[in-house]
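# Tertiary structure, described
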Amino acid sequence: MAGKSRKSARDKAQQEFVSEAEELLDRMRDDLSALAEASAAGRETPPATLNQLFRSAHTLKGSAGMFGHGLLAELAHHLEDILDRLRMGRATLGRPGLALLDESVSLAAVALEKVGRAEEAESLAEPITDLIGRIAAWEPPAAEAPGVSLQALDVPDGLLRALTEYEETRLRESLGRGRGLYVIEVDLDLASFEEALGELTRAIQEVGEVISTLPSPGAGNEASIRFLLLAASDLGGAELAARLELDAGAVRAARAPASMAARAPAPSAPAASAEPPEAEAATLKSLSETVRVDIKKLDELMNLVGELSRERTALRALTARLAADRASARIAGELDKIQRGLERKTQELQAAVLDVRMVPLRQVFDKLTRVTRRLRLDLAKDVRLELRGADTELDKLIVEQLVDPLMHLVRNAFDHAIESADERARIGKPAEGLIQIEATQRGHDVAVEVRDDGRGIDPEAVRARAIERGLVAADTPLTRKEIFDLLFLPGFSTKSEVTEISGRGVGLDVVRSNVAGLGGLVAVDSVPGQGTQVTLTLPITLAIIQALLVGAEDETFAIPLAGVRETLVVNASEVQRSAGRELLNLRGDALPVLRLAEEFGLRAVARDQKQYAVVLGIGDARVALLVDRLEGQQDAVIKPVQGPLRTLRGVAGATEIGAQTAVLVLDVSALVADAGKRREAKS
Amino acid sequence: MSADAGVRGWDVLAKAAARAREVREESAAVRELLRVEVGGEPYALPIERVREIVRLCPITKMPRAPELVLGVISLRGEIVEVLDLRRALGAEAPEPTRRSRIVVLHGETGEITGWLVDVVNEVLRVPEVDLSAPPGDASELVTAICVRGDRFVSLLEPDRMQSLVAD
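Now for a quick tour of the structure. (Residues numbered from 1 in each chain as written. Chains lettered and ligands numbered in written order. Predicted model: local features only at pLDDT ≥ 70, side-chain atom pairs only at ≥ 80, totals over all residues.)

### Things to note about the overall build of chain A
- Broken down by element type, chain A carries 20 helices and 25 strands.
- Counting all 683 residues of chain A, 35% fall into the buried class.
- Taking as baseline every contact in chain A between residues at least 6 positions apart, the subset at least 24 positions apart corresponds to 70%. (Helix = DSSP H or I, 4+ residues; strand = E, 2+ residues; numbered from the N terminus. Buried ≥ 20, exposed ≤ 12 C-beta atoms within 10 Å, placed from the backbone. Contact = placed C-beta atoms within 7 Å.)

### Examining the overall build of chain B
- Broken down by element type, chain B carries three helices and 10 strands.
- From first element to last, N terminus to C terminus, chain B shows the α and β order α-β-β-β-β-β-α-β-β-β-β-β-α.
- In chain B, buried positions account for 29% of the 167 residues.
- Counting only contacts in chain B whose residues sit at least 6 apart along the sequence, the fraction spanning at least 24 positions is 54%.

### Regarding unusual backbone geometry
Residue and element names in this part refer to chain A.
- A positive phi angle, close to 55 degrees, is found at E553, a residue other than glycine.
- Its place among the elements puts E553 in the loop between β14 (545-552) and β15 (555-560).
- For R587, which is not glycine, the phi torsion reads 45 degrees and is therefore positive.
- Summarising the element assignment, R587 is placed in the loop between β18 (581-586) and β19 (589-595).

### Here's the deal with the packing of helix α2 (residues 47-66) of chain A against helix α3 (residues 70-87) of chain A
All names here are of chain A.
- Following both chains from N to C, one finds α2 and α3 inclined at 155 degrees, their axes separated by 8 Å at the closest point. By the angle between their axes, α2 is roughly antiparallel relative to α3. The chirality of how α2 crosses α3 is left-handed. Contact residues: P47, L50, N51, L53, F54, A57, H58, L60, K61, A64 and G65 in α2; L72, A73, A76, H77, L79, E80, L83, D84, L86 and R87 in α3.
- Considered class by class, the residues forming the contact of α2 with α3 number 13 nonpolar, four polar and four charged. (Axes fitted to C-alpha atoms, helices over the stretch in contact; angles between N-to-C directions. Parallel < 35°, antiparallel > 145°, perpendicular 65-115°, else oblique. Left-handed = near helix turned anticlockwise from the far one by under 90°. Nonpolar A, V, L, I, M, F, W, Y, C, P; charged D, E, K, R; others polar.)

### A look at the pairing of β15 of chain A
Residues and elements named next belong to chain A.
- Note that β14 and β15 share six bridges and pair antiparallel. Bridge pairing links G551 to T556 in β15.
- Between β14 and the antiparallel strand that follows it, β15, lie two residues; E553 among them carries a positive phi value of about 55 degrees.
- Sheet analysis places β15 next to strand β25 (residues 661-666), joined by two bridges and oriented parallel. For A558, the partnering residue across the bridge sits in β25 and is V665. (Pairing = 2+ DSSP bridges.)

### Side note on the interface of chain B and chain A
- With 23 residues of chain B in contact, the opposing surface of chain A contributes 19 residues.
- Only β4 (69-75), β5 (78-84), β7 (112-117) and α3 (158-166) of chain B provide two or more residues apiece to the side of chain B that touches chain A.
- Among the residues making up the side of chain B that touches chain A, the classes are represented as 13 nonpolar, five polar and five charged.
- Sheet topology note: the strand β23 (residues 641-642) of chain A/β5 of chain B ladder contains two bridges and is parallel. Bridging across to β5 of chain B, Q642 of chain A finds its partner in V80 of chain B.

### Notes on the sheet that holds strand β17 (residues 575-578) of chain A
Residues and elements named next belong to chain A.
- Spatially, the six strands line up as an open sheet ordered β16-β20-β21-β19-β18-β17, and their pairing is mixed. Two strands lie at the open edges of the sheet, namely β16 (564-570) and β17, each paired on one side alone. Within this sheet the neighbouring strands show an average axis-to-axis angle of 40 degrees, counted without direction.
- When β18 meets β19, the two strands line up antiparallel, connected through four bridges. Across the sheet, the residue bridging to L583 is P592, located in β19.

### Comments concerning the sheet that holds β15 of chain A
Residue and element names in this part refer to chain A.
- Ordered in space as β22-β14-β15-β25-β24, the five strands form an open sheet in which the pairing is mixed. Sheet topology places β22 (629-636) and β24 (651-657) at the edges, where each strand pairs with a single neighbour. Strand-to-strand twist in this sheet, taken as the mean axis angle between neighbours without regard to direction, amounts to 35 degrees.

### Looking at the nonpolar core
- Among the nonpolar cores identified, the biggest contains 127 residues, and L596 and L625 of chain A together with V103 of chain B are the most heavily contacted of them.
- Structurally, this core is a two-domain feature, drawing no fewer than three residues from each of domain 4 (361-539) and domain 5 (545-682) of chain A.
- The residues contacting V103 of chain B, other than those within four sequence positions of it, are L34, V36, L45, V50, I53, W115, V117 and V120 of chain B.
- Among the nonpolar cores identified, the runner-up in size contains 37 residues, and L72, L100, A108 and I128 of chain A belong to it. (Core = buried A, V, L, I, M, F, W, Y, C linked by C-beta atoms within 7 Å. Domains from an automatic or database assignment.)

### Description of the packing of helix α13 (residues 362-379) of chain A against helix α14 (residues 396-417) of chain A
Residues and elements named next belong to chain A.
- The interhelical angle for the contact between α13 and α14, taken along N-to-C directions, is 25 degrees, at an axis separation of 10 Å. Compared by their axis directions, α13 and α14 come out roughly parallel. For α13 against α14, the interelement crossing comes out right-handed. Contact residues: α13 offers Q363, V364, K367, L368, V371, T372, L375 and L379, while α14 offers V399, L402, V403, L406, M407, V410, R411, F414 and D415.
- Here the contact of α13 with α14 is built from residues that sort into 12 nonpolar, two polar and three charged.

### So, the environment of A108 of chain A
Residues and elements named next belong to chain A.
- Within the fold, A108 resides in helix α4 (residues 94-116).
- By the C-beta count within 10 Å, which is 26 here, A108 ends up buried.
- Note: C-alpha distance between A108 and I128 (20 residues apart in sequence) is 8.6 Å.
- With residues up to four places along the chain from it excluded, the contact list for A108 reads L25, L72, L75 and A76.

### So, α13 of chain A
Residues and elements named next belong to chain A.
- When the terminal C-alpha atoms of α13 are compared, their 25 Å separation across 18 residues agrees well with the 26 Å that a helix rising 1.5 Å per residue should span.
- Turning to α13, its buried residues are V364, F365, L368 and L375. One side of α13 holds all its buried residues, which, seen down the axis, span an arc of 90 degrees. In α13, the exposed positions angled more than 90 degrees off the buried face are occupied by R373, R374 and L377.
- Where the residues of α13 are buried, they touch β6 (383-388), α14 and β8 (433-442). (Expected span 1.5 Å × (residues − 1). Arc of directions from axis to C-beta.)

### Some points on the environment of G454 of chain A
Residues and elements named next belong to chain A.
- Within the secondary structure, G454 is located in the loop between β9 (445-452) and α16 (459-468).
- Residue class for G454 comes out buried when judged on the 26 C-beta atoms lying within 10 Å of it.
- Taking the C-alpha atoms as reference points, G454 and I435, separated by 19 residues in sequence, lie 8.8 Å from one another.
- Other than its neighbours up to four places away in sequence, G454 contacts A413, A417, I418, E419, G433, G531 and T532.

### Structural notes on α3 of chain A
Residues and elements named next belong to chain A.
- Under the 1.5 Å per step criterion, the end-to-end length of α3 is 25 Å for 18 residues, consistent within 8% with the ideal 26 Å.
- When we look at burial in α3, the residues that qualify are L71, L72, L75, A76, H78, L79, E80, I82, L83, L86 and R87.
- Close packing links the buried residues of α3 with α2, α4, α5 (125-137) and α7 (165-176).
- One or two residues past the end of α3 sits G89, with phi positive at roughly 75 degrees.

If you want it as structure tokens, here you go:
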């Protein structure tokens, strides 16, 4: 309990770090574009922007370090370093410098994104290290320190001594450019001086630069405070005073501007200003062509595509009606052509949107690699993780929800399945255990297999335990597959010890429900002494499906077509009762029968009329679902049901057909699993 | 002409008075409540939890669901459960009429639920001080009551309504 709340507090802090850092990076990006703009226009690098960039990098370094993101902190540190050299006038920006800054900020943003998704940024180690190397190797053209004597300036005693190194650099730079230097003295109301000072600073920045701001003794009365501002500007003293709406006496020239020509870039201006603007513009372009999109936006897009499909269906129906009438048959023909074109484009659009949602399994695999690394230390077991098919793509939502079940399986294999080193040596297995995960696409499904070379599962032990737990009768004949399926029953466990790594028991039922939630299936196979293989079969996407609409009584339901093997007409006599259950003889195979109307309590038993059997199948498991009507096929966007009930066994969600009519989408895997269970219970 | 001016004068006065009353009510915490009729009795729902009010549309039945759950509707693409507020309050639940409405409430997390009521009447502005504790024998869904005209209006608590099914 305590662990959980600690974790959530940490998550929250991380979340805060991420949003703060995001803001910083956003601001840095803005500042960088301001720099690039100035550079492209041949203007002087705006010192205030440069200084702000430096401060942002500094803050980023601090908080990244505090939250344990070493790589990000390291990168920020080097950014800060460049920026410090730049603002101190020890280097000039130029195009290469701008490109380095741009790349650093982009890379930091990518790293941050990983942190935000609670992923380790380790995979970025290489690019970051590389970038840091290039930053370190960057030899910027050193800016020439303007050889101006500060002693000759007419400024109050002590003011020069109070300048920081940065301020002094700015002062020399301004003087080198022949700007006028002014000491501005203002008395500000104590109650509101911060605001007034801010306003004055902004006003000065419009026509020049504030080099330093110092509070000073000697205010006229007790309710106010005096400030000395050291400012540089190309304006003359009187003009500056007028711009700042100050008395002429408050602005004292320490040195008058050399000439108005100083506004043009001086010969000592940064090298960047000499570069052609086009080259600068090129660096403004983002280095990455990736756009980060909220998955919700993609969902919305998917919804729209779904709605478009529905409109198309309506159009098709209308076309068919027109075609039936001789008078309008020609129009119908043309309409049909348009309709087909629309259909093609809609399908392309749908495919394109689906494609955007696809992400490689690599993300999950990276996590598993890290978990294994840690387990190897925690459990002091030597186990190798082999991953294949990291490029296999799945819908982003599915990939995210695969993390838990896969993690669970890997931990199980590590903790329970793979023997200790001693044991392995005794039975002649290689000292190093092996866990292989392989993902492959099979049509519209993706299969993820998790194999280990551990001790395997003894079917007889499973059966014995199931009998002991009262899950099956002692005399039930079970196939090998049926025995392994028992592992998925809630609470079933072949290993009674509880460890920190895999929690209580094997918990395959959790894996099953996770995967079933995604419309997938889990199967186990094992050879005692040689290893276990768990196969997850998953649909590629959940976003849009082809659905078969079926009717029972007055109600219509949608069944994901992926779960439908075939449909056929059944006469009442073809359904036979055997050992307390109904079976349909399908070309010699006996399929358990589910009656939709009864299953969902729509009607009492009435078994005389002709019905349709929809053969549902997931993996090898098949069930005949009897329905009253087949009502056609349709694209459907499955949506979650909102409300207090939310989930009902056997219902995967709902979809909209036609105007405002909701239709429930059946959960094929739950129906198949339930039918199997009932069969065991009855027999 | 002068009569017209007189009427306008009264109008102005009445409006001013109404505004003054509004200001006074606002300064002393006022709750805005949606008054609905369920089983012939007046109830109120906190307006800040009401997302929208929709006319009755075909409700798709949810199999295996408790009786309280009438089914689901599609609300511009969102699939929302509709619950029968009449049953929740132990009232008669005759066939819905032309005046029946679905009041869509949103929860703390943004999830929405539809509730079938017989009639939606009006928005009430009730000063906090006019709300009093419900009598002991009131439904557990009622958090407070207030008097409007000669009738008691019972204020319902949406979270408790939700938990009727969730438990």
